[in-house]
Each structure stands twice: as C-alpha cells, then as structure tokens.
Amino acid sequence: VERWGTQEVGAWLERLSLQEYKETFTRHDVQGAELLLLERRDLKDLGVTKVGHMKRILQGVRELTQSSSHVHLPPLLLPATPTPDP
C-alpha cells in the first residue's frame, strides 16, 4: 500500500463505492503512504463531509494497515554450504 500511486488509491475508493472522491484525492496527490496516515480532519480538508463516508474511508484505511502489517515475506535464501566428501 505504501507504494501505491494516485491510480491505486482511486481504484481503492471505487471499491469502497466512494468514486466521487477520486478526483479530489488525485488533485491533492494522496498516494498510498499518505492514505495510511489520513485522519478525520484530513478528510474534512479534502471535502469529505458525510459521516458515513468518513467512517467508511477510515475503516478501510484501518483494514489496509492491518493487512499490510500481516504480510509474510519469504525467508532469505541462504547459499548452500558444500558438504565435505567422506
């Protein structure tokens, strides 16, 4: 999510059925990193005034934060050590 650009953020808003904010978020250059830090006052500054829309966005951000913190990365591949010949 931190690497999302404005297009990914716009697609995410569409998934929340809040596509009316897509243009505003793009105009204000809200990318993934900023999305994860949004608070209620930021949403007001962006023109999100409906309480239900604010709650939907903030809940969506919480879910993104939780899912991105539970990402499991594959273990590091270590070079094989040669086994001595008997």
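Preceding block: the structure.
None of these values were measured; they are calculated from a predicted model.

Draft legend 1. Quick look at helix H1 (residues 6-15). Every buried residue of H1 is accounted for by Val9, Gly10, Trp12 and Leu13. Along H1, the residues classed as buried sweep out an arc of 160° about the axis, all on the same side. In this structure, H1 carries Gln7 and Arg15 as exposed residues pointing more than 90 degrees from its buried face. Among the residues trailing H1, Ser17 stands out with phi positive, at a value near 60°.

Draft legend 2. Examining the nonpolar core more closely. Counting 20 residues, the largest nonpolar core has Trp12, Leu13, Phe25, Leu35, Leu43 and Ile57 as the members making the most contacts within it. Put simply, the parts of the chain that give this core at least two residues each are H1 and helix H5 (51-69). It is H5 that contributes the most residues to this core, 5 residues altogether. If near-sequence neighbours (up to four positions away) are discounted, Ile57 is found in contact with Trp12, Leu13, Leu16, Leu18, Phe25, Leu43 and Val48.

Draft legend 3. Highlighting the environment of Val51. Tracing the sequence through the fold places Val51 in helix H5. Residue Val51 is classed as partly exposed on the basis of its relative accessible area of 47%. A sequence separation of 11 residues divides Val51 from Arg40, and the C-alpha atoms of the two residues are 9.6 Å apart.

Draft legend 4. Region of interest: a positive patch on the surface. Side chains of Arg40, Lys44, Lys55 and Arg62 sit close together on the surface and give a patch of like positive charge. Broken down by secondary-structure element, the contributors of at least two residues to the positive patch are helix H4 (40-45) and H5. Structurally, Arg62 is set in helix H5. Look at Arg62 and you get partly exposed, because its relative accessible area is 44%.

Draft legend 5. Summary view of the side chain of His53. Mapping His53 onto the fold places it in helix H5. Under the relative-accessibility criterion, His53 is labelled buried at 11%. A distance of 2.6 Å separates a polar atom in the side chain of His53 from a polar atom in the side chain of Tyr21. Leaving out residues up to four positions away in the same chain, His53 has contacts with Leu18, Glu20, Tyr21 and Val48.

Quick notes on the rules
Residues numbered from 1 in each chain as written. Predicted model: local features only at pLDDT ≥ 70, side-chain atom pairs only at ≥ 80, totals over all residues. Heavy atoms only, no water. Buried < 20%, exposed > 50% of the residue type's maximum accessible area, 1.4 Å probe, protein only. Helix = DSSP H or I, 4+ residues; strand = E, 2+ residues; numbered from the N terminus. Arc of directions from axis to C-beta. Core = buried A, V, L, I, M, F, W, Y, C linked by side-chain atoms within 4.5 Å. Contact = heavy atoms within 4.5 Å. Patch = residues over 30% accessible without salt bridge, like charges linked within 9 Å, V, L, I, M, F, W, Y side chains within 5 Å. Areas by Shrake-Rupley, 256 points an atom, 1.4 Å probe, with all protein chains shown as cover. Salt bridge = Lys/Arg side-chain N within 4 Å of Asp/Glu carboxyl O. Lys, Arg positive; Asp, Glu negative; His and termini not counted. Charge placed at Lys NZ, Arg CZ, Asp CG, Glu CD. Polar contact = N/O pair within 3.5 Å; in protein donor to acceptor, adjacent residues only side chain to side chain.

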